[in-house]
Amino acid sequence: MAKAGAPEKLIIHGKRLDGRKLDEFRPMKAEVGVIPRSEGSATFSFGETKALAGVQGPRPMHPKGLQEPTRTKLRCYYFMAPFATSERGRPGRSRRSTEISMVVAEALSNVIFLEDYPKTALDIFMEILQANASTRCAALNAASMALADAGIPMRDIVSSVSVGKADGEIVLDVAGAEDNFGDVDLAVATVGGGDAFVLLQMDGIITMEEFKKMLEIAKHGCATVYAQQKAALMKRYTAEVSE
Amino acid sequence: MEKKSELLVKEKQLVAPGDVVARGLEYLPGSGCYRKTGDIKSKLLGLVRLKDRVVGVTPLAGVYIPKPGDGIIASVTDLQSTFWILDINSPYDAILQLGEATAEYVDTAKTDLSSFFDVGDVVYIKVLNVSHSKHTTLTMNDYRAKKLIAGRLMKVTPSKVPRIIGKEGSMIELIKKYTGCHIVVGQNGMVWLKGSNEALAAKAVLKIEGEAHISGLTDRVTAMLKAEGTPEPETAQPEEEGGA
């Protein structure tokens, strides 16, 4: 199923088009507390993919008829900036952003102690500043750090990573041509770098053995992301001590 | 299932959500912690608090959630026939019933309630009760409760209020001494200042808020106030004595 503009090969001599090994991440960057005006904020990037997340709340839920009497209402908003892709994107909500907002909200609702703030709303805004595959993973990583920064009680931090299949090989942290012309793209998120999965979205066709192998690789990948997130959260309050 | 209990953190250590702070059933989870299969884990990004067997975590950010007995600063947002609705710097509004606002008998048919409190008034007030669904009632029946007139209001992170007050009010006394301002701090993170040097007092409060998690805070605040403060004539005396 060759598409127009596809490179001949995605993996050459065991290396990917961008020179990475099969199980190598793009350089990751995580920073917490980047927007002083929001209650909690963070950025997370996988190479060129950059996500910014801000948390507002818990705050009063309006309209009152939609508030939940025993728990906070989690509202996630994922947006991709018009300048995030090489071709200008239409700003605002889309079918795709609505879907991603929903899966992110469902992933995060597993870790937040929603019942600690009855009748309120908790808003999480995620903006993709630059997109080069795995945007939902970067957004979810940024959002869970922003929640911790906002002082929201959580069971653990959610870490997310994408795994793909390109040229018959399983690759970690899908990027660029692998996303457009690869065979499979699987987005995974786990809680606390452990065994509990809270996001699992895939397209493409693979065998059961390959799928199991991908999950194993994703689990290790999430643990790596988790370590990065923890380090960034700690840095938020330890950086100032040394000055 | 006999497992040895152990504590994995020190007092005031920075922890993130999901960090295991203690193992085993000897320890109990306080606020900011939860138990999962024998382990006690942190719910929040914050500093560890130890008291006997209870391990808690104090957050470094977050909103104010009312607790009965808290002294807070609130502003009146609405006036109904027999009660007032107040903004308490929280996701929840609070209600002040007429009976809790004044001890005297009030004939609601003849009295305009705005003669007690009007929309926009700022008060130091006590939280009377908080229901399970966070329905909050307030009371003026407390010796410290009063209307705050003029001055300026500022907001700080509610979890940092204990640092602004200091041990037995020491930090507040320090600011009062060097700025000559009246200061009232509410548990909800609202701070009321009134005096000639409000700007410096506000700056000191913001410095405390920003550096609350770093040790040696009192010394740094004292240094700042000494450098920029102009002590009132009657408060200048003790400072000179200290220097001599």
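Residues numbered from 1 in each chain as written. Chains lettered and ligands numbered in written order. Predicted model: local features only at pLDDT ≥ 70, side-chain atom pairs only at ≥ 80, totals over all residues. Heavy atoms only, no water.

Residue and element names in this part refer to chain B. Spatially, E2-E7-E8-E4 is the arrangement adopted by the 4 strands of the open sheet, whose pairing is mixed. Two strands bound the open sheet, and with one partner strand each, they are strand E2 (14-15) and strand E4 (28-29). As judged from the 2 bridges shared by E4 and strand E8 (residues 54-59), these two strands associate in the parallel manner. Bridging from a neighbouring strand, proline 29 pairs with valine 55 of E8. (Pairing = 2+ DSSP bridges. Helix = DSSP H or I, 4+ residues; strand = E, 2+ residues; numbered from the N terminus.)

Next up on the list: the pairing of strand E4 (residues 40-46) of chain A. Residue and element names in this part refer to chain A. With 6 of its 7 residues buried, E4 lies for the most part within the structure. Both strand E3 (residues 28-32) and E4 contribute to a ladder of 5 bridges, which runs antiparallel. Among the inter-strand pairings, alanine 30 is bridged to a residue of E4, identified as phenylalanine 44. Pairing of E4 with strand E5 (residues 49-60) involves 7 bridges; the strand directions are antiparallel. (Buried < 20%, exposed > 50% of the residue type's maximum accessible area, 1.4 Å probe, protein only.)

Attention now goes to helix H5 (residues 217-228) of chain B. Helix length check: H5 of chain B (12 residues) gives 17 Å between terminal C-alpha atoms against 16 Å at 1.5 Å per residue, within 8%. Looking at the buried positions of H5 of chain B, the neighbouring elements they touch are helix H2 (161-165), helix H3 (170-179) and helix H4 (198-210) of chain B. (Expected span 1.5 Å × (residues − 1). Contact = heavy atoms within 4.5 Å.)

Right, let's talk about the packing of aromatic side chains for a bit. Evaluated as defined, the whole model comprises 6 aromatic pairs over all chains. With a centroid separation of 5.1 Å and an interplanar angle of 75°, the aromatic rings of phenylalanine 44 of chain A and phenylalanine 46 of chain A are classed as edge-to-face. Take phenylalanine 44 of chain A and phenylalanine 46 of chain A: they sit in the same class, and that class is buried. Look at phenylalanine 113 of chain A and tyrosine 34 of chain B: their rings are 5.3 Å apart centre to centre, the planes differ by 65°, and that puts the pair in the edge-to-face class. In this pair, phenylalanine 113 of chain A sits in the loop between helix H1 (95-108) and strand E7 (120-130) while tyrosine 34 of chain B sits in strand E5 (residues 33-36), so the two residues belong to two different chains. Residue classification places phenylalanine 113 of chain A among the buried residues on the basis of a relative accessible area of 7%. Among the aromatic side chains, those forming a connected cluster through ring pairs are Phe25, Phe44 and Phe46 of chain A. Directly above the aromatic system of phenylalanine 113 of chain A lies the positively charged group of arginine 155 of chain A, at a separation of 4.3 Å from the ring centroid. One residue, lysine 43 of chain B, lies across the ring of phenylalanine 113 of chain A, its end atom 4.3 Å from the ring centre. (Phe/Tyr/Trp six-rings, centres within 6.5 Å; stacked < 30°, edge-to-face > 60°. Lys NZ or Arg CZ within 6 Å of the ring centre and 35° of its normal.)

If you look at the interface, chain B gives 25 residues, while chain A gives 29 residues. Both sides of the chain B and chain A interface together cover about 2200 Å² of buried area, and 65% of this is carbon and sulfur. On the chain B side of the contact with chain A, Pro17, Lys43 and Leu45 of chain B bury the most area, a combined 24% of that side's loss. For the interface between chain B and chain A, the tally reads 2 salt bridges. With a shortest N-O distance of 2.5 Å, aspartate 19 of chain B and lysine 230 of chain A are connected by a salt bridge. For the side of chain B that touches chain A, the elements supplying multiple residues, two or more each, are E2 and strand E6 (39-42) of chain B. Residues of the side of chain B that touches chain A, tallied by class, amount to 14 nonpolar, 7 polar and 4 charged. (Buried area = accessible area lost by both parts, 1.4 Å probe. Salt bridge = Lys/Arg side-chain N within 4 Å of Asp/Glu carboxyl O. Nonpolar A, V, L, I, M, F, W, Y, C, P; charged D, E, K, R; others polar.)

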